[in-house]
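Examination of the molecular architecture
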Amino acid sequence: MRGYGRDMIDRFLRQAGSLPLAALIGLAACSGGGSDSGGYVPPPPAPPPVSSSEPEWQPGVFEAASRFKDRCEIPRSGVDLEGNPYPDEPGSTTIENFWLRSWTHETYLWNDEVPDEDPASYDSRLAYFDILRTTAVTPSGAPKDQFHFSEPTEQFLADRNAAPSAGYGARIRTYAARPPRDVRVLYTDPGTPASAVVDGQQQLVRGSRILEVDGVDLVWADTAAEIDTLLAGLYPDAVGEVHSFLVEDPGDPEPREIMLTAAAVSTVPVGRVEALDQPGGRVGYLLLNTFSPYSTEEALIDAMRELEAAAVDDLVLDLRYNGGGLLAIASQLSYMIAGPGYTSGRTFERLRFNDDAGAYNPVTGAFNDPTPFFATALGFSVADGTPLPRLDLRRVYVLATEATCSASESVINALRGVDFEVVLIGDTTCGKPYGFYPTDNCGETYYTIQFQGVNNKGFGDYPNGFTPRNSGAIYAESVPGCTAPDDLSADLGDPAEALLRAALDYRETGQCLGGMATASSRASSPASQTPSLAEGRPLPVLVDPMTVNRDMRLPNEGGRL
């Protein structure tokens with residue numbers, strides 16, 4: 001529950017149709033930056049002199065993208081949030097579209113499957129960008145490219161730098177968007193309005209169902225004005241806004257009214273870290289909600305030091321709501337779990353680009369070196385070269401849902417690629433073995449699939465996700481483990497909570513207990529208990545683009561977008 005503003009809300013609504021269900025369940029920003037090359041990357045060649053005339057479209061002929069870069073319909077002036085001068089020069093929407101066309105041809109993973117339409121025939125850069133992708137489908141019938149979007153560069157930089165934005169500090173999920181709607185709280189961040197205690201009661205708790213916002217019935221509202229009121233309260237624009245909510249807590253049928261005042265809130269990467277005494281040893285529990293922003297590096301290192309000092313024998317890694325982020329930090333985490341015995345000299349992830357790229361990265365121009373298992377801090381928020389703590393374990397239990405995506409899936413794939421045991425508990429992951437380098441042009445940051453990540457064994461074909469072995473999912477990649485429901489019945493980190501309980505039981509018995517072989521988080525979700533009507537105005541589900549990303553950049557590389 002964070003503020004996006006009317007313009008951002010409109011963008012999210014336009015782009016939501018191009019993103020999978022996993023992207024549509026929450027609002028926790030996951031952003032960051034850096035390149036995977038690990039060394040000097042030469043700057044792109046200077047563009048040729050700017051011509052005053054508009055370029056002309058020739059089907060199948062693509063001029064260098066650098067010829068059209070930063071030639072803007074509305075040039076910016078001054079410096080950005082990070083102090084970098086804007087490079088913009090006067091141009092036009094047509095020239096911006098020509099840049100999108102050439103940039104897509106140079107860097108898009110499936111560049112031979114993109115329609116070639118005249119850039120001048122589109123008067124909106126966002127509308128033109130929307131067609132610059134493949135329309136092919138996977139064997140399961142899902143779109144091959146489910147991750148094609150953009151956002152204002154100002155928003156991207158704010159997310160990357162963990163700049164506070166207006167919100168309450170709660171992550172919500174819309175289980176049913178049409179009446180009777182079902183919107184619930186997944187978790188709250190500490191020290192935020194949502195987690196504040198008023199009259200002995202925390203404002204919002206895990207599983208709280210939102211029934212009304214500012215007097216409007218969220219469950220049954222059906223006019224445009226009512227939907228606008230709901231959105232304004234759920235996603236406040238400014239710090240200091242006050243909104244009323246009627247909520248129903250788990251196990252308590254008596255609704256209660258609360259008042260929430262929007263505050264400047266930032267992403268909290270590590271939600272909880274615990275050492276649990278269990279039969280057969282001590283089990284670490286780590287709730288990691290994002291691999292971005294830059295502050296994740298410090299938070300994650302601190303958490304792993306705590307688990308190292310506790311001498312844990314096993315680890316339950318909770319990635320159920322982690323949509324991705326910085327791949328380098330995902331690599332660091334994998335090293336800290338497995339240690340050098342499994343990872344030394346091996347590849348965390350190698351990138352596959354389009355067929356025209358050869359041995360080079362078409363985005364950076366550098367040789368396509370693989371990403372290693374990083375054993376030191378990289379300078380995101382901890383001094384570069386600082387040795388990382390490590391647990392030197394033999395296995396990890398990963399808690400997952402359909403919101404487990406991108407860089408989170410890279411952790412699973414990379415560890416399996418070095419024969420480290422991964423046990424998957426929960427549900428099928430989102431299925432995003434792809435990634436991109438967020439790229440700014442004229443104030444808009446674009447995300448287009450530019451590579452597929454493969455592990456040390458060369459495997460990366462999981463577009464339908466990873467799934468516990470007993471799930472019955474046909475097209476997903478099977479991993480040892482058990483299905484279990486994310487039922488909101490207990491706090492995250494509580495050994496009685498369904499996913500964590502299933503992991504602890506599997507650790508002790510090696511079996512799926514409690515009838516979990518036929519239960520999945522989708523089937524047991526609140527939405528399955530109260531089906532939505534086919535008709536009725538849907539409550540828009542806002543998509544934060546960075547909740548489903550694999551971000552390749554490293555710090556201290558010249559601020560390149």
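Residues numbered from 1 in each chain as written. Predicted model: local features only at pLDDT ≥ 70, side-chain atom pairs only at ≥ 80, totals over all residues. Heavy atoms only, no water.

1. Quick look at the sheet that holds strand β23 (residues 439-441)
Basically, it comes down to this: Only strands that DSSP links by at least two bridges are regarded as paired with each other. Under the DSSP-based scheme used, a helix requires at least four consecutive residues in state H or I and a strand at least two consecutive residues in state E, with every element numbered from the N terminus. The convention used is that axes are lines fitted to C-alpha atoms, helices contributing only their stretch in contact, and that angles between N-to-C directions extend from 0 to 180 degrees. Contact between two residues is taken to exist if any of their heavy atoms lie within 4.5 Å; hydrogens are not considered.
Taken in spatial order, the three strands make up an open sheet running β3-β24-β23, and their pairing is antiparallel. At either margin of the open sheet sits one strand with a lone partner, and together these are β3 (149-152) and β23. Recorded for the sheet is a direction-independent mean angle of 30 degrees between the axes of neighbouring strands. Inspection of the sheet shows β23 paired to strand β24 (residues 444-447) by three bridges, in the antiparallel sense. Each residue of the ladder has a partner; that of Asn-441, found in β24, is Glu-444. Against the sheet, helix α2 (residues 93-107) contacts β23 and β24, and its axis sits at roughly 155 degrees relative to β23.

2. Side note on the pattern of salt bridges
This is how it is decided: Put simply, a salt bridge is a Lys or Arg side-chain nitrogen that is within 4 Å of an Asp or Glu carboxyl oxygen.
Evaluated as defined, the whole model comprises 27 salt bridges. Between Arg-125 and Glu-96 there is a salt bridge, and its shortest N-O distance comes to 2.9 Å. Taken together, the residues Arg-125 in helix α3 (residues 125-131) and Glu-96 in helix α2 connect sequence positions 29 residues apart. The shortest N-O distance in the salt bridge between Arg-206 and Asp-486 comes to 2.7 Å. On the criterion of sequence distance, the pair formed by Arg-206 in the loop between β8 (201-202) and β9 (209-213) and Asp-486 in the loop between β28 (481-483) and α10 (498-509) is long-range, its members being 280 residues apart. Put simply, Arg-206, Asp-318, Arg-320, Asp-486 and Glu-497 are held in one network by salt bridges that share partners.

3. Regarding the pairing of strand β12 (residues 256-261)
Applied cut-off: For the exposure calls, accessible area comes from a 1.4 Å probe over protein chains only, and a residue counts as buried if that area is under 20% of its type's maximum, exposed if over 50%, partly exposed in between.
Taking every second residue as pointing to the same face, the buried face of β12 carries Arg-256, Ile-258 and Leu-260, while none of Glu-257, Met-259 and Thr-261 on the other face is buried. Here six bridges tie strand β11 (residues 242-248) to β12, and the two strands are oriented antiparallel to one another. Looking at β12, one finds that Val-242 is bridged to Thr-261.

4. Some words on the nonpolar core
We apply this condition: We define a nonpolar core as any set of buried Ala, Val, Leu, Ile, Met, Phe, Trp, Tyr and Cys residues linked to one another through side-chain atoms lying within 4.5 Å.
Leu-286, Phe-291, Leu-333, Ile-337 and Val-396 are the most contacted members of the largest nonpolar core, which totals 58 residues. Within the second largest apolar cluster, 28 residues are counted, among which are Trp-99, Ile-131, Cys-430 and Tyr-446.

5. Section: the packing of helix α7 (residues 327-338) against helix α9 (residues 407-417)
Counted only if it meets this: Throughout, the term roughly parallel applies to angles under 35 degrees, roughly antiparallel to angles over 145, roughly perpendicular to angles from 65 to 115, and oblique to all others. In this scheme, a crossing is called left-handed if the near helix is turned counterclockwise away from the far one by less than a right angle; it is called right-handed if the turn is clockwise. Amino acid classes used here: Ala, Val, Leu, Ile, Met, Phe, Trp, Tyr, Cys and Pro are nonpolar; Asp, Glu, Lys and Arg are charged; the rest, including Gly, are polar.
Two numbers describe how α7 lies on α9: the axes approach to 9 Å, and their chain directions differ by 40 degrees. The pairing of α7 with α9 is recorded here as oblique in orientation. When the axes of α7 and α9 are compared, the crossing they make is right-handed. Packed against α7, whose contacting residues are Leu-327, Ala-330, Leu-333, Ser-334 and Ala-338, the element α9 presents Ala-407, Ser-410, Val-411 and Leu-415 at the interface. Among the residues making up the contact of α7 with α9, the classes are represented as seven nonpolar, two polar and no charged.

6. Regarding α2
To keep it simple, the criterion reads: The span expected for a helix works out to 1.5 Å for each residue beyond the first.
Between its terminal C-alpha atoms α2 stretches 21 Å, which fits the 21 Å expected from 15 residues at 1.5 Å a residue. Across the 15 residues that make up α2, a large majority, 13, are buried.

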